[in-house]
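Listed below, chain by chain, are the residues.
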Amino acid sequence: MSLRSAGGASRRDGAPATGPEAGAPPSAGQQPAGRKPLRRKSGRPEIKQKFRPLGKQPLGLLFSAPYVIFILGVLAYPLGYAVWISFHQFYFTAPGVQVARPFVGIDNYITVLSDPAVQRSFLNILVFMVINVPLTVGLSLILANALNRITRLKTFFRVSYYVPYVTASVAVIGVWLFLFQQNGLINSLLGPLAPNPSWLVNSWLAMPTVALYVTWKQLGFFILLYLAALQNIPDELYESASVDGGNKWVQFWNITVPGVRSASVLVTLLATITGANLFTEPYLLTGGGGPDGASSSPVFLMYQKGILQGNPDVAAALGVVLVIGVLLIALIQNRLVGGKSGEE
């Protein structure tokens, strides 16, 4: 009997016929019975990632290096040095003179937090922010939206709002002193309704007046920020809302406000930082935080305690407390104002 007929007989006898004939080697691509299939290796050679300590774009580090050096030299190092001073008994000395500066722990912080003048200054800043920040955000957005819609004299109005921001504070404050002094133009217009004592010498009105001044002076800068944000809102959204019957108020509240949310977060943060660093305005408008500290600020007290009174350690502790407070307020504002925009 031939091999072919023998093979056929074996299959008729019930032998498995799933593979090639008995004794034949497995063809390419087939695995022997009872063995796990072998994984094919990819034909592409493995590329090993090179270790790049400077990243994929080292040229970017070169361009950013000047700004990084500036931040480290002007901001990071002074802040770290101020923290070190706040934990020591520190004195200003002549160059080259070595004096003992012992470690005092948190004594400077206790002195700062228990000082009624410091507590009053932080309360003044809180009043300032309650007035300044909402006015800055609201007026900047409304005026920017109006300037974005007008077609005539657009450049004139934009420059008019921006001029006070770039004008020297001393010159502008002279105008406000003329307006809000006892015999100034504002009191002349109000007549019997004018406050007595007047605005800048009234313990209840001094800080609100300073807040209004800072709002007016900084408004042009924040208007430009909102104008840049408004350019990113498509005109088709306003056209669709107009076709659906939405008036100007509906368009403003449902399209403009959500569309500039990121700019609102930035404006709120910058206005908060401006209020925390308030110095020039109360120093010039109210004669150094008057009357009786009603318009003093933490930065003014830092200057007073560190430079005039010769206590830089206490001033450094006050500065550290101020930085921590601003960071906490900024974090809360980012949670409340930023909302979902920071997650998207």
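Only a predicted model underlies this, so the values are computations on that prediction, with no experimental measurement involved. (Residues numbered from 1 in each chain as written. Predicted model: local features only at pLDDT ≥ 70, side-chain atom pairs only at ≥ 80, totals over all residues. Heavy atoms only, no water.)

Caption draft 1: Representation of the packing of aromatic side chains in the model. According to the stated counting rule, one finds 25 aromatic pairs in the structure shown. Within the aromatic cluster, the residues linked to one another by ring pairs are Tyr 77, Tyr 81, Trp 84, Phe 90 and Phe 92. Positioned above the aromatic ring of Phe 90 is the side chain of Arg 101, whose terminal nitrogen or guanidinium carbon lies 4.3 Å from the ring centre. Above the face of the Tyr 238 ring, Arg 149 is positioned so that its terminal group lies 5.1 Å from the ring centre. (Phe/Tyr/Trp six-rings, centres within 6.5 Å; stacked < 30°, edge-to-face > 60°. Lys NZ or Arg CZ within 6 Å of the ring centre and 35° of its normal.)

Caption draft 2: Seen up close, the nonpolar core. By size, the foremost hydrophobic cluster in this structure holds 42 residues, and its most contacted members are Phe 128, Val 210, Tyr 213, Tyr 226, Val 260, Leu 278 and Leu 285. Elements supplying a minimum of two residues to this core: helix H4 (116–149), helix H6 (169–180), helix H8 (206–230), helix H9 (235–243), helix H10 (248–259), helix H11 (261–276) and helix H14 (312–338). A total of twelve residues in this core trace back to one element, the largest contributor, which is H8. If sequence neighbours within four positions are ignored, Tyr 226 has contacts with Val 137, Ser 140, Leu 141, Ala 144, Val 260, Ala 263, Ser 264 and Val 267. (Core = buried A, V, L, I, M, F, W, Y, C linked by side-chain atoms within 4.5 Å. Buried < 20%, exposed > 50% of the residue type's maximum accessible area, 1.4 Å probe, protein only. Helix = DSSP H or I, 4+ residues; strand = E, 2+ residues; numbered from the N terminus. Contact = heavy atoms within 4.5 Å.)

Caption draft 3: Broad picture of unusual backbone geometry. The omega torsion across Asn 196 and Pro 197 is 5°, close enough to zero to call that bond cis. Here the amide bond leading from Gly 290 into Pro 291 is cis, since omega sits at -10°, within 30 degrees of zero. With respect to the helices, strands and loops of the structure, Pro 291 is situated in the loop between helix H12 (280–285) and helix H13 (298–308). Phi at Asp 292 takes a positive value of approximately 55°, unusual for a residue other than glycine. Take Asp 292: it is sitting in the loop between H12 and H13. Accessibility expressed as a relative area gives 76% for Asp 292, which makes it exposed.

Caption draft 4: View of the pattern of salt bridges. As enumerated under the stated definition, the model contains one salt bridge in all. As a salt-bridge pair, Asp 115 and Lys 305 come within 2.8 Å of each other at their nearest N and O atoms. Remark: Lys 305 occurs in helix H13 and Asp 115 occurs in the loop between helix H3 (107–113) and H4; sequence separation between them is 190 residues. Like Lys 305, Asp 115 is buried. (Salt bridge = Lys/Arg side-chain N within 4 Å of Asp/Glu carboxyl O.)

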